[in-house]
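Chain residues, written in single-letter form:
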Amino acid sequence: MSTPDLLYSEAEDDLRAAVRSLLTDRCPPATVLSQAESGRAHDVALWGALGADMGTAGLLVPDKLGGQGATAREAAVVMEELGRAVAPVPYLTSAVLAASALLGCDTDQEPVARLLGALAEGRTVGALALPLSTVAGVPGTPAATVRADGDGTLSGQVSGVAGAAGADVLLVPATGADGYGLYAVETAETSVTVEPLTSLDLTRPLAAVTLTGAPARRLAGPDRAATAIGRALLTGAGLLASEQLGVAEWCLTETVRHTRERHQFGRPIGSFQALKHRMAALWLELVSARATARYAADALATDSPDTPVAVAVAQAHCAEVAVRAAEECVQLHGGIGMTWEHPAHLYLKRAKSDEIALGTPGRHRQALAGLVDLAAPTG
Amino acid sequence: MSAAGQHPAVDADELRRRVRDLLDAHPPATTEPLDFLRARFDAGLAWVHYPAGLGGLDAPRSLQAVVDAELTAAGAPDNDPRRIGIGLGMAAPTILGFGTDEQRQRLLRPLWTGEEVWCQLFSEPGAGSDLAALATRAVRDGEDWVVDGQKVWTSSAHIARWAILIARTDPDQPKHRGISYFICDMTDPGVEVRPLRQITGEAEFNEVFLTGVRIPDSRRLGEIGEGWRVAQTTLMNERVAIGGGRVPREGGMIGLVADTWRERPELRTHDLHQRLLRLWMESEAARLAGERLRQQLAVGQPGPEGSAMKLAFARLNQHISALEVELLGEEGLRYDDWTLRRPELVDFTGREAGYRYLRAKGNSIEGGTSEVLLNIIAERVLGLPPEPRTDKDLPWKDLPR
Ligand SMILES: Cc1cc2nc3c(=O)[nH]c(=O)nc-3n(C[C@H](O)[C@H](O)[C@H](O)COP(=O)(O)OP(=O)(O)OC[C@H]3O[C@@H](n4cnc5c(N)ncnc54)[C@H](O)[C@@H]3O)c2cc1C
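Keep in mind that what you see is a predicted model, and the values were worked out from it rather than measured.

Asks: Can you break down the side chain of B:Arg40 residue by residue, with the values?
Replies: Residues and elements named next belong to chain B. With respect to the helices, strands and loops of the structure, Arg-40 is situated in helix H2 (residues 33–42). A distance of 2.8 Å separates a polar atom in the side chain of Arg-40 from the backbone oxygen of Leu-45. Of note is the side chain of Arg-40, whose polar atom sits 3.2 Å from the side chain of Asp-68.

In structure tokens:
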């Protein structure tokens with residue numbers, strides 16, 4: 001194993017600066033909140049500026065397929081910034097999960113290449129039709145709840161799909177006479193219903209997808225579908241760690257800012273040691289969370305054989321750090337932390353949902369047990 | 001110090017060439033280890049970022065890894081860094097930063113080769129976390145200082161040739177401003193070292209009584225009254241030294257427990273499995289954070305993560321060693337050896353689980369307690385307001401005690 005590069009390159013710093021400045025302008029907390037309450041699946045204008053105009057939608061897609069030809073390292077930087085802003089855009093669901101699944105299919109096939117190019121451009125939005133809670137990194141394919149019929153249509157239901165509501169195309173794992181496969185379905189078809197669910201995370205809403213004889217195009221058969229989906233979930237989980245890092249970072253920064261300004265008992269509350277130690281402890285966790293998230297991104301980027309371990313460690317660690325940071329943020333803000341007006345709740349909801357997304361910390365630790373030979377007791 | 005830039009830039013290839021020359025002239029197989037270490041120092045391959053003539057070549061710090069790898073591969077002897085940790089980690093950077101040329105020439109070579117062991121005479125019975133409250137006095141007498149006082153918890157004092165010492169030279173100044181920094185010869189009359197038995201049964205640290213010890217003014221480091229500032233250099237390096245070693249995956253304490261887990265399936269329980277996986281994951285996270293810190297240092301972006309590593313190391317060691325004793329069950333009820341030993345080096349892995357459990361309790365106390373380090377992170381890194389203080393501007397002699 002070569003030494004991983006855990007720092008940020010200059011190009012990555014530039015990318016971060018560009019994304020952050022766009023989000024600062026276009027995605028302040030008040031905008032996030034009004035978007036979430038509007039009933040729209042995501043902020044279409046913001047996604048146009050970020051995904052299409054700035055080109056982030058195509059970071060993971062090679063140049064020759066119409067993307068930016070970057071790697072998971074750059075995508076991770078974008079995820080950090082999106083987490084810091086709890087931005088309501090389909091980056092994880094379309095540019096990461098759907099695009100990675102397509103990259104695992106045979107990109108020499110015209111339908112795969114065309115769809116990938118469209119996603120990379122950011123004008124078409126895709127979603128992988130699996131519950132957001134699907135565990136990444138464990139052997140075996142997520143069981144398909146959709147049936148592929150002989151006439152080229154799909155029927156069945158998938159619940160809890162993130163990004164489905166705003167998507168143009170769904171990538172659906174389904175089982176038919178030919179076995180397991182990955183299929184593309186246009187959401188515009190009348191045989192496709194996408195019903196928004198009331199979600200804990202207002203900024204990344206879930207939907208239930210129902211297909212009743214929906215026309216579908218098969219993108220990968222049993223030979224490739226499972227590995228493509230597995231790789232997509234692993235990439236998603238690895239990059240989600242960077243989003244969690246961004247969420248945690250915002251929470252700590254805001255908490256420090258608030259406790260320096262808020263006075264009680266004639267002192268800034270941030271001068272009380274009981275609070276200082278809690279914030280210092282959080283900072284410590286952020287230091288190691290950043291290292292694990294960077295390692296996961298680097299492992300994905302270099303296709304390291306250690307990627308499953310790197311992702312499991314990053315997910316198990318960063319998920320908990322983000323939740324703790326958001327919970328501390330609410331608590332140390334006192335009463336205003338409990339209000340709808342203060343953005344803290346948006347971060348808590350995102351952090352808690354992210355903890356379950358693509359596998360809970362417990363599931364990732366369980367995956368580690370197999371990966372690093374620390375078997376559970378028998379019996 | 002020879003100014004950087006005076007020498008042609010030394011790169012990795014040049015270092016490899018110099019290592020080869022060293023190995024040719026002093027084949028490790030036929031050279032006395034001490035002779036080899038001296039030759040290595042003189043070749044500038046001890047700590048390559050130090051100045052030429054003082055064991056280094058003014059090379060970038062990150063290139064040390066190149067030298068170490070080549071020498072390890074060639075089977076060259078190592079200066080035992082566990083035995084000389086205080087010298088390497090704390091005394092050396094302070095001497096380099098504040099010493100005179102004469103002090104550097106005399107002290108650094110035997111320090112690095114391990115011929116002369118160092119200890120740190122900082123803590124006192126009345127001054128631990130509040131180190132600047134120290135009461136050991138140094139009074140000027142001609143060309144000498146006469147030192148009286150008591151130090152405590154002094155690791156390695158029983159084998160040390162030299163000590164870094166802080167003492168009060170002006171009680172009329174506020175506590176941080178009346179301190180000076182000295183190099184104390186541990187063989188001088190008036191220095192008495194008494195073993196202090198520890199929780200583990202052994203005596204790794206000591207009480208040190210200083211009675212009329214005469215230290216020549218030429219062994220002062222930094223200006224009179226500036227000792228606190230000099231001590232900051234020592235303390236900062238101490239934290240980095242404690243948390244900063246490079247380890248492979250499972251390289252620390254977690255590896256010992258993981259091996260026991262693999263080899264002894266009959267000991268496994270579900271509760272311990274959950275805790276083990278969590279600690280494995282946290283150890284790996286801490287290891288990666290340490291690696292990231294080193295990469296930042298190598299490109300010249302030192303972060304405040306040094307204190308972070310020390311804190312993580314302490315917490316993990318304590319949790320892992322606690323789990324290890326539990327895992328061993330019946331065997332965990334036993335202990336390897338309570339005889340009063342006076343070890344020359346801190347050996348975490350050579351002894352058994354009970355020892356590790358007890359010794360790890362010191363990890364959150366030695367080198368600054370975890371509470372004090374959290375204060376430092378909160379104030380210096382996060383910029384949180386200090387707690388109100390009443391002792392800052394009063395002369396030391398008027399402080400309530
Ligand atoms: C194994 C070992 C080796 C050592 N080796 C050396 C050595 O070689 N040389 C040397 O000089 N010293 C050495 N020490 C001493 C060590 O540096 C001190 O023990 C340490 O700095 C704490 O000081 P103290 O023991 O006086 O505890 P105290 O300062 O009395 O602290 C007691 C408790 O109060 C807490 N506390 C104190 N002040 C604060 C505050 N402001 N905020 C919150 N909590 C606070 C502490 O965290 C601790 O929990 C060693 C200690 C150990 C355990």
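Asks: Let's hear about the interface of chain B and chain A: which residues, and what values?
Replies: Counting residues at the interface gives 41 residues for chain B, matched by 46 residues for chain A. Both faces combined, the contact of chain B with chain A buries some 3,900 Å², and carbon together with sulfur accounts for 70% of it. Here chain B is connected to chain A by five salt bridges. In this structure, B:Arg249 and A:Asp306 form a salt bridge, with 2.6 Å as the shortest nitrogen-oxygen distance. If you look at where chain B meets chain A, you find 17 residue pairs in polar contact (both at pLDDT 80 or more). Of the residues forming the side of chain B that touches chain A, the biggest block, 15 residues, is contributed by helix H8 (residues 270–298) of chain B.

Asks: I'd like a rundown of the nonpolar core, residues and numbers included.
Replies: With 141 residues, the main nonpolar core has A:Tyr91, A:Leu154, A:Leu171, A:Leu182, A:Leu211 and A:Leu239 as its most contacted residues. A total of 17 residues in this core trace back to one element, the largest contributor, which is helix H7 (residues 225–261) of chain A. When residues no more than four places from it in sequence are discounted, the contact partners of A:Leu239 are A:Leu60, A:Ala72, A:Ala75, A:Ala76, A:Met79, A:Val96 and A:Leu300. Judged by nonpolar contacts, the second largest core, of 34 residues, contains B:Ala46, B:Trp118, B:Ile183 and B:Val230.

Asks: Describe helix H1 (residues 12–25) of chain B, naming the residues involved and giving the relevant values.
Replies: Residue and element names in this part refer to chain B. Helix length check: H1, at 14 residues, gives a terminal C-alpha distance of 20 Å against a target of 20 Å (1.5 Å per residue), a fit within 8%. What H1 keeps buried is the set Leu-15, Val-19, Leu-22 and Leu-23. Viewed end-on, H1 has its buried residues packed into an arc of 95°, placing them on one side of the element. More than 90 degrees from the buried face of H1, the exposed residues found are Asp-13, Asp-24 and Ala-25. On its buried side, H1 packs onto H2 and helix H3 (64–73).

Asks: Can you explain the site of the ligand? Please cite residues and give values.
Replies: The full set close to the ligand counts 17 residues, and B:Ser123, B:Ser129, B:Trp153, B:Thr369 and B:Glu371 are the nearest of them. Looking at the residues close to the ligand, they fall on chains A and B. Within the contact set of the ligand, a nitrogen atom lies 2.8 Å away from a side-chain nitrogen or oxygen of B:Ser155. Summarising the interface, the protein chains cover 69% of the accessible area of the ligand, which totals 970 Å² for the free molecule. At the level of secondary structure, the elements contributing two or more residues to the shell around the ligand comprise strand S3 (144–155) and helix H11 (370–381) of chain B. Broken down by element, the shell around the ligand gets its largest block of residues, three residues, from S3(B). Residues belonging to the shell around the ligand are distributed by class as follows: four nonpolar, ten polar and three charged.

Asks: Any chance you could break down the packing of helix H1 (residues 10–26) of chain A against helix H3 (residues 44–53) of chain A for me, citing the residues and the numbers?
Replies: All names here are of chain A. Where H1 meets H3, the axes come as close as 11 Å, and the angle between the chain directions of the two elements is 160°. It follows that H1 is roughly antiparallel to H3 by the angle criterion. Considering only the axes of H1 and H3, their crossing is right-handed. For the pair H1 and H3, the contacting residues are Val-19, Leu-22, Leu-23 and Arg-26 in the first and Ala-45, Leu-46, Ala-49 and Leu-50 in the second.

Asks: A description of the pattern of salt bridges should follow, citing residues and the corresponding values.
Replies: Residues and elements named next belong to chain A. Applying the stated criterion across every chain yields a total of 73 salt bridges over all chains. Here Arg-365 and Glu-320 are joined by a salt bridge, their closest N and O atoms 3.2 Å apart. Of this pair, Arg-365 sits in helix H11 (residues 361–371) while Glu-320 sits in helix H9 (residues 307–333); the two residues are 45 residues apart in sequence, bridging distant segments of the chain. Its relative accessible area of 8% is what places Arg-365 among the buried residues. One salt-bridge network, in which partners are shared between bridges, spans Arg-16, Arg-20, Glu-80, Glu-81, Arg-84, Glu-249 and Arg-290.

About the criteria used
Counting starts from 1 at the beginning of each chain's written sequence and moves along it residue by residue. Each chain takes a letter, starting from A, and each ligand takes a number, starting from 1, following the order in which they are written. It should be noted that, the model being predicted, local features are given only for residues of pLDDT at least 70 and side-chain atom pairs only at 80 or more, the latter also being counted only at that level, while totals for whole chains, interfaces and linings use all residues. Note: side-chain values were computed over all heavy atoms of the structure, leaving out hydrogens and water. The helix count covers DSSP runs of H or I at least four residues long, the strand count covers runs of E at least two residues long, and both are numbered beginning at the N terminus. Polar contacts, as counted here, are pairs of nitrogen or oxygen atoms within 3.5 Å of one another; within protein the pair requires one atom able to donate a hydrogen and one able to accept it, and residues that are adjacent in sequence qualify only if both atoms are side-chain atoms. In this description, contact between two residues means that some pair of their heavy atoms is separated by no more than 4.5 Å. By buried area we mean the combined loss of accessible area, with a 1.4 Å probe, across both parts when two parts are placed together. Each reported salt bridge corresponds to a side-chain nitrogen of Lys or Arg within 4 Å of a carboxyl oxygen of Asp or Glu. Nonpolar cores were defined as sets of buried Ala, Val, Leu, Ile, Met, Phe, Trp, Tyr and Cys residues, with membership established by side-chain atoms within 4.5 Å. Exposure is judged per residue with a 1.4 Å probe applied to protein chains only, and the accessible area is read against the type maximum: over 50% gives exposed, under 20% gives buried, and values in between give partly exposed. The span you would expect from a helix comes to 1.5 Å times its residue count less one. To be clear, the arc concerns the directions from the helix axis to the C-beta atoms. Near residues are defined by distance, with any heavy atom within 4 Å of the molecule or strand qualifying the residue. Here the accessible surface of atoms and residues is derived via Shrake-Rupley with a 1.4 Å probe, and residues count as covered only by protein chains that are part of the display. Classification used: nonpolar for Ala, Val, Leu, Ile, Met, Phe, Trp, Tyr, Cys and Pro, charged for Asp, Glu, Lys and Arg, polar for all others including Gly. Inter-axis angles, ranging from 0 to 180 degrees, are taken between N-to-C directions of lines fitted to C-alpha atoms, where helices are fitted over the stretch in contact. Here the angle decides the label: under 35 degrees means roughly parallel, over 145 means roughly antiparallel, 65 to 115 means roughly perpendicular, and every other value means oblique. Note on convention: near helix rotated counterclockwise from far helix by under a right angle means a left-handed crossing. Clockwise means right-handed.

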